[in-house]
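One-letter residues, chain by chain:
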Amino acid sequence: MATRNGGRLAGGRTARRVKVASLATYVPPRVLTNADLEVLVETTDEWILKRTGIRERHVVDDGVASSDLGAEAAREAIAAAGLTPADIGFIVVATTTPDMFFPSTACLLQTKIDARNAWGFDLGAACSGFTYALTTGAQMVAGGAHDYALVVGADVMSSIIDYQDRATCVLFGDGAGAAVVAPATEDGLCLLDFAHEIDGSGGPALCMPAGGSLRPASHETIDQRLHYVHQDGPAVFKFAVRKMVEICRRVLDANGIGPDDIDLFVCHQANRRIILSAAEHLGVDRDRIVINIDRYGNTTAATIPLALADARADGRLKKGMRVLLSSVGAGFTVGAVLLRWAC
């Protein structure tokens, strides 16, 4: 586990405690329902609901990219923190669907929101993107490099989904979330701990096989439909449940608390059954779980901020609550973040 919030830095310096100072989300207005998918592929609303818990998802119109979604959420998050874009010193964008290979989506977003004093980069951790990015932004602020970091999770998954493949096309949607990380000003209302790990042996179970340096685009790769998401569903399901439970227990044990001490458990929204199974094995009651996959599908790096925003809007997430975030993504990537909610 890396240096914890409030721990010691190189040279003996004490890390600052940091908080999530604001949160904002954005989804494109166009909705793709299960009924719509019944027209595109051999499936039914009943089949999708039973296996995934998804009723609908939002998808972009042509020409709308991840940086566009991220910029919408970022502007709102910065304003909600009482800041201007010029106050942001660091930007990290978690995305599986960058606008292009280069420049980075962070560069494109930076200029769209006019964060002229910020530097940053993209982070590739797939569905664990937001937890990884939140930890990265927090470390920048905790170490004193910057007072304000902008953490963005944004994905246009519809751009890499094969709408002829009923096993994957029903799962994903588009969306973005953004948070501003700042020094904690109230005692205890801060990021408490985190843990992350990867297991690259699971890479083939969830991947986009072509489009990179190994298999550049060609007539062959296009004909074989290798530029879309490919997934071994059962393998991903088993790994996701097991590792989310393991990583959460590691963080809870390290802080001397148990599942009953968690006010809200917010998992990556990949599948309703995964979330319920992980919560059951961890020992978290259903009334402390957030599930909103029915409205958005799997938006990859945006699922956790969307779930947090919905819980806050419903009154389930309140200032001072102890919140546990957890994610598993392609790679495989695994993450957990423990915090007391501050905004």
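See the structure printed just above.
Residues numbered from 1 in each chain as written. Predicted model: local features only at pLDDT ≥ 70, side-chain atom pairs only at ≥ 80, totals over all residues. Heavy atoms only, no water.

Brief notes about the overall build of the protein chain
Of the regular secondary structure elements, the protein chain holds 11 helices and 13 strands. Relative to the 2.2 N^0.38 estimate, which gives 20 Å for 343 residues, the radius of gyration of the protein chain is 19 Å and therefore close to what a compact globule would have. Projected onto the principal axes, the alpha-carbon positions of the protein chain cover approximately 55 × 45 × 35 Å. Of all intrachain contacts in the protein chain linking residues separated by at least 6 positions in sequence, the fraction that spans at least 24 positions is 76%. (Helix = DSSP H or I, 4+ residues; strand = E, 2+ residues; numbered from the N terminus. Rg over C-alpha atoms; globule rule 2.2 N^0.38 Å. Contact = heavy atoms within 4.5 Å.)

Description of the layout of surface pockets
Here the largest pocket defines a volume of roughly 910 Å³. As for the largest pocket, its lining consists of 36 residues, and the residues nearest its centre are Thr96, Thr97, Pro98, Ile160 and Met208. The set of elements that each furnish at least two residues to the lining of the largest pocket consists of strand E5 (119–123) and strand E9 (206–207). Per-class residue counts for the lining of the largest pocket are 21 nonpolar, 12 polar and three charged. What the second largest pocket holds in volume is close to 520 Å³. (1 Å grid on protein atoms, 1.4 Å probe; cavity = no way out; pocket = protein on both sides within 12 Å on 5 of 7 lines; lining within 4 Å. Points joined across faces, edges and corners; volume = space filled by probe spheres on them. Nonpolar A, V, L, I, M, F, W, Y, C, P; charged D, E, K, R; others polar.)

Section: the sheet that holds strand E4 (residues 90–94)
Strand order across the open sheet formed by five strands is E1-E7-E6-E4-E5, with mixed pairing between neighbours. Either end of the sheet is taken by a strand with one partner, and the two such strands are strand E1 (18–26) and E5. When strand polarity is set aside, the average angle formed by the axes of neighbouring strands in this sheet is 15°. As judged from the five bridges shared by E4 and strand E6 (residues 149–156), these two strands associate in the parallel manner. Its bridge partner being in E6, valine 93 is matched across the sheet by valine 152. (Pairing = 2+ DSSP bridges. Axes fitted to C-alpha atoms, helices over the stretch in contact; angles between N-to-C directions.)

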